[in-house]
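Here is how the chains run, residue by residue.
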Amino acid sequence: SSTFIKQQILRTEMDDILIRGCSEWDRASQNQLYALYAPKMFAVCFKYSSNREDAEDTFHEGFMKVFEHIKDFKKRRFTRGLDKTDNGEHRHRKV
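These remarks concern the structure in this document.

Cut-offs applied
Residues numbered from 1 in each chain as written. Predicted model: local features only at pLDDT ≥ 70, side-chain atom pairs only at ≥ 80, totals over all residues. Heavy atoms only, no water. Helix = DSSP H or I, 4+ residues; strand = E, 2+ residues; numbered from the N terminus. Buried < 20%, exposed > 50% of the residue type's maximum accessible area, 1.4 Å probe, protein only. Contact = heavy atoms within 4.5 Å. Areas by Shrake-Rupley, 256 points an atom, 1.4 Å probe, with all protein chains shown as cover. Patch = residues over 30% accessible without salt bridge, like charges linked within 9 Å, V, L, I, M, F, W, Y side chains within 5 Å. Salt bridge = Lys/Arg side-chain N within 4 Å of Asp/Glu carboxyl O. Core = buried A, V, L, I, M, F, W, Y, C linked by side-chain atoms within 4.5 Å.

As a further point, take the overall build of the protein. Per the secondary structure count, the protein includes four helices and zero strands. Helices and strands appear in the protein in the N-to-C order α-α-α-α. For the protein, the proportion of its 95 residues judged to be buried stands at 35%. Long-range contacts, defined as pairs at least 24 residues apart, comprise 60% of the intrachain contacts of the protein with a sequence gap of at least 6. Surface summary for the protein: the accessible area is close to 6,400 Å², and the carbon and sulfur share equals 54%.

Next comes the structure, spelled out in structure tokens:
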């Protein structure tokens, strides 16, 4: 429906603004990005971890990588990149 498409466009525009702020190390943008995506990212970490402590470690390391490499996410949909970073971090830790 057109409402869904409008929501997707708005979310993409909002992500772009937050990504731009985070790439400039703006604390408010980082906090907002964290608040938006932390629950989903933690759920993915927990799904692939053997316990909550490992999930929390992976989650925190993953978010640090997101902030360190935030400019890499500009050309693709952020949520897919976030999931990819999160899953890649998990696989890295298990090796």
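We now examine the environment of Ala 28. Residue placement: Ala 28 occurs in helix α2 (residues 27–48). Residues Ala 28 and Leu 18, spaced 10 residues apart in sequence, show a C-alpha to C-alpha distance of 8.9 Å.

Moving on: a nonpolar patch on the surface. A contiguous nonpolar patch, built from Phe 4, Ile 5 and Ile 9 and spanning about 300 Å² of accessible area, is present on the exposed surface. Its location among the elements puts Ile 5 in helix α1 (residues 2–23).

By size, the foremost hydrophobic cluster in this structure holds 15 residues, and its most contacted members are Cys 22, Leu 33, Phe 59, Phe 63, Val 66, Phe 67 and Ile 70. For this core, the elements supplying multiple residues, two or more each, are α1, α2 and α3 (52–68). Looking at this core, the element that brings in the most residues is α2, giving six residues.

So, on to unusual backbone geometry. Although it is not a glycine, Trp 25 adopts a positive phi angle of roughly 60°. With respect to the helices and strands, Trp 25 occurs in the loop between α1 and α2. Look at Trp 25 and you get exposed, because its relative accessible area is 53%.

Attention now moves to the pattern of salt bridges. What the rule picks out here adds up to one salt bridge. One salt bridge in this structure joins Arg 52 and Glu 56, with 3.3 Å as the shortest N-O distance. Taken together, the residues span about one helical turn, with Arg 52 and Glu 56 both in helix α3 at a distance of four residues. Using a relative accessible area of 32% as the deciding quantity, one classes Glu 56 as partly exposed.

In short, shape yes, function no, at least from these values alone.
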